[in-house]
Amino acid sequence: MADAARSTNRPGALDITRKLAEICGSPFARFAGPADEVAGRTARWVAVPGGPHAAAEVLRLAAAYDLTVVPRGAGTKIDWGAAPAQVDIMLDTGRLAGVWHEPRDAAVAEIGAGTPMRAVQATLARTNRRLPVDAPSPGATLGGVLAADESGPLRHRHGSPCAQLIGVRYLDADGELVSIGESGTAALGRAAPGVGGGRPGGRAPTGTGAGSGPAGVADDPGWGAGGLAGGPGWGAGDPAAGAGWDAGGQWGSAGGDPGRGGGDAILGRGGMPGLDVARLLCGSQGGLGVLVSATMRVQAVPASRVWVSRPVWTPLEVHDLVRAVLASGVGPAAVELDLPVPVPLPRRRIPATHPSVINRPDHPAVTGRPAAGSLVVLLEGGPADVTERAERLTAVLGAPAMVGHHAPEWWGRYPFAPGDTALRIEVPINDLHAAVYALRDAAGAPVPVRGSAGTGAVHAALPGALPPERVASILTAVRSVLIARQGRCVVVAAPTAVRRTVDLWGELPALPRLRSAKAHLDPHHRLAPGRLPGGL
């Protein structure tokens, strides 16, 4: 029957379609169309289950017919990373939505994986709360953000989305519902919807029941913001990471060696906190489990927000300014860089005697050359406190600094467009300027760069028309500079020819351990096969 299911034109396909319709309802199960692709790989069926148990039944059906399953949220990052080897069933999470948030002063909320982030923030705003996550992809769902571990400017203060995670419910490759960590609604005195699913006698829920640190501590497992598409920390580690795989491929927090400790070590039973298992799902692009819901930390909406901006001319100047900002004690919520800005902006010159340019008469601020970009710092807090910190910060940044009450147009947006080869660079902040110079030198021209100068994680765009061989040579040159600086450069998204030709991730020392995790959590490679590094 598995062979018959390989084509939607065979009789077995009709049987599968009928069973999917019985599980999800007739309007929510269909043959896939041309738009139902994952990085260029077309699916065979699309199933939109109405709840966790229906989603579990879809996975069990896939197991019975030896079919592969790839989860999809809003599809905003469906073309990121490697193409799966095969997509039989695209499991759409759009109906796994909802925000359970009670009472009004709750510090956590349980959120369905298919809930759009805009809906999450709008719901929490009713009680003057927010999720401190600002992923750049418009329309993204919470599940998609977690599956890619996608971060925006607020990561500087609050860590990646994975850092906000204190509990999760997910479906394993066999369709068993697993609960790990803390359920937001259970913590508030009532059972979370759907908890306790899975086959009778199946795997018992694992976990510790609590998060691993206060909000603001970047305690993600080291996949790195951007997850698989942005470069998982299985290979290089995340400077902000706590638990997880570090640069040497060792488990960073507790007992158990996934390479030798067997399934218990992977599943958080051999002394390893179960929440670490939940965080393995961050950045896994659905390759280790299908997220059903997540319990996230929430916080009060800041009473005041201001953006302090300053024009910049060179990556080295950015380096000096970022160090000054971080040493100033103003407690920024975000420190973002946009470089270069293609439109020249008029500005007045700074006297050559100004402290910020002393002994540098050829500095662009003295000569009057138009700025190449902007460095913008976000401050949040009470009105009086924010005003005082903004004054201190403008004194640190010098005369060109300006205070505004609205984010710049480019804030929280990627520098690349559809069809570009999108890169993500992560490097210690003291070496970010070296990485940008290396990229420019390798490309032979300025390259648009945007992202968190305060954490050393930025994105860049190469023209989509560049041939794959040229992109490969640029990656080789940049990675050779970064490897000595404990940095990495990965391909987030690219045209099909580039994706098939270049090494998307670069060196991954922890690949054997990732392979071990995949073997324990998805031994038959049914979940998004090929999306993980190494073709896993």
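Our subject is the structure that appears above.
Just so you know, the residues in each chain are numbered from 1, in the order the chain's sequence is written. Reporting of local features is limited, given that this is a predicted model, to residues whose pLDDT is at least 70; pairs of side-chain atoms are given and counted only at 80 or more, and all residues count toward the totals for whole chains, interfaces and linings. For the side-chain quantities, the full set of heavy atoms in the structure was used; hydrogens and water were omitted.

Student: Tell me about the pattern of salt bridges, residues and numbers included.
Tutor: Any Lys or Arg side-chain nitrogen located within 4 Å of an Asp or Glu carboxyl oxygen qualifies as a salt bridge. Tallied over the entire structure, the rule returns 22 salt bridges. Arg169 is the salt-bridge partner of Glu110, the closest N and O atoms lying 3.1 Å from each other. Taken together, the residues Glu110 in strand β8 (residues 108-112) and Arg169 in strand β10 (residues 165-171) connect sequence positions 59 residues apart. Accessibility classification places Glu110 together with Arg169 in one group, the buried group. Notably, a salt bridge pairs Glu317 with Arg310, separated by 3.0 Å at the nearest N-O pair. Neither residue differs from the other here; Glu317 and Arg310 are each classed as buried. Several salt bridges share partner residues, and in doing so they unite Asp15, Arg18, Lys19 and Glu22 into one network. Only DSSP runs of H or I covering at least 4 residues are called helices, and only runs of E covering at least 2 are called strands; the numbering of each starts at the N terminus. Residue exposure (1.4 Å probe, protein chains only): buried if accessible area is under 20% of the type maximum, exposed if over 50%, otherwise partly exposed.

Student: I'd like a rundown of the packing of helix α13 (residues 432-443) against helix α14 (residues 468-483), residues and numbers included.
Tutor: Axis lines are fitted to C-alpha atoms, over the contacting stretch for helices. Their N-to-C directions set the angle, which ranges from 0 to 180 degrees. It is at 9 Å that the axes of α13 and α14 come closest, and there the two elements cross at 150 degrees. Judged by the inter-axis angle, α13 sits roughly antiparallel to α14. As for the relative orientation of α13 and α14, their crossing is right-handed in sense. Here α13 contributes Ala434, Ala435, Ala438, Leu439, Ala442 and Ala443 to the contact with α14, which in turn contributes Arg470, Ile474, Ala477, Val478, Val481 and Leu482. By residue class, the composition of the contact of α13 with α14 is 11 nonpolar, no polar and one charged. Geometric relationships in this document are graded by angle, where less than 35 degrees denotes roughly parallel, more than 145 denotes roughly antiparallel, 65 to 115 denotes roughly perpendicular, and other angles denote oblique. Left-handed describes a crossing whose near helix is turned anticlockwise from the far helix by less than a right angle; the clockwise case is right-handed. In this description, contact between two residues means that some pair of their heavy atoms is separated by no more than 4.5 Å. Residue polarity follows a fixed list, in which Ala, Val, Leu, Ile, Met, Phe, Trp, Tyr, Cys and Pro are nonpolar, Asp, Glu, Lys and Arg are charged, and the others, Gly among them, are polar.

Student: Break down the sheet that holds strand β1 (residues 29-31) for me, citing the residues and quoting the values.
Tutor: Between any two strands, at least two bridges found by DSSP are needed for them to pair. Taken in spatial order, the four strands line up as β1-β4-β6-β5 in an open sheet, and their pairing is mixed. Of all the strands in the sheet, the pair left with one neighbour each is β1 and β5 (69-72). Each neighbouring strand pair of the sheet contributes to a mean axis angle of 20 degrees, computed without reference to strand direction. For β1 and strand β4 (residues 45-47), the ladder comprises three bridges, and the chain directions are antiparallel. Bridge assignment links Arg30 to a residue of β4, and that residue is Val46. Helix-sheet contacts for helix α2 (residues 52-65) involve β4, β5 and β6 (89-92), and the interaxial angle to β6 is about 170 degrees.

Student: How would you sum up the sheet that holds strand β21 (residues 488-493)? Please name residues and give values.
Tutor: What the eight strands build is an open sheet, ordered β17-β14-β16-β15-β19-β20-β18-β21; its pairing is antiparallel. Sheet topology places β17 (402-404) and β21 at the edges, where each strand pairs with a single neighbour. Going across the sheet, the axis of each strand differs from the next one's by a mean of 20 degrees, ignoring polarity. Summarising the sheet, strand β18 (residues 421-426) and strand β20 (residues 457-462) pair through six bridges and their orientation is antiparallel. Following the sheet pairing, Glu426 is matched in β20 by Ala457. Sheet strands touched by helix α10 (residues 315-327): β14 (304-312), β15 (334-339) and β16 (373-381). Its angle to β14, the strand with the most contacts, is close to 145 degrees. Relative to the sheet, α14 contacts β18, β20 and β21, its axis offset from that of β21 by approximately 145 degrees.

Student: Go over the layout of surface pockets with me, naming the residues and quoting the values.
Tutor: Roughly 610 Å³ of internal volume is contained in the largest pocket. Taken together, 26 residues line the largest pocket, and the ones lying closest to its centre are Gln121, Val133, Asp134, Ala135 and Leu154. Breaking the lining of the largest pocket down by element, the ones donating at least two residues are α3 (117-125), β9 (129-130) and β14. Tallying contributions element by element places α3 first for the lining of the largest pocket, with four residues. The residue inventory of the lining of the largest pocket, partitioned by class, reads 16 nonpolar, four polar and six charged. Here a cavity means grid points, on a 1 Å grid over the protein atoms only, where a 1.4 Å probe fits yet cannot get out; a pocket means an open set of points with protein on both sides within 12 Å along at least five of seven lines; lining residues are those with an atom within 4 Å of a point. Grid points are joined across faces, edges and corners, and a volume is the space filled by probe spheres set on the points.

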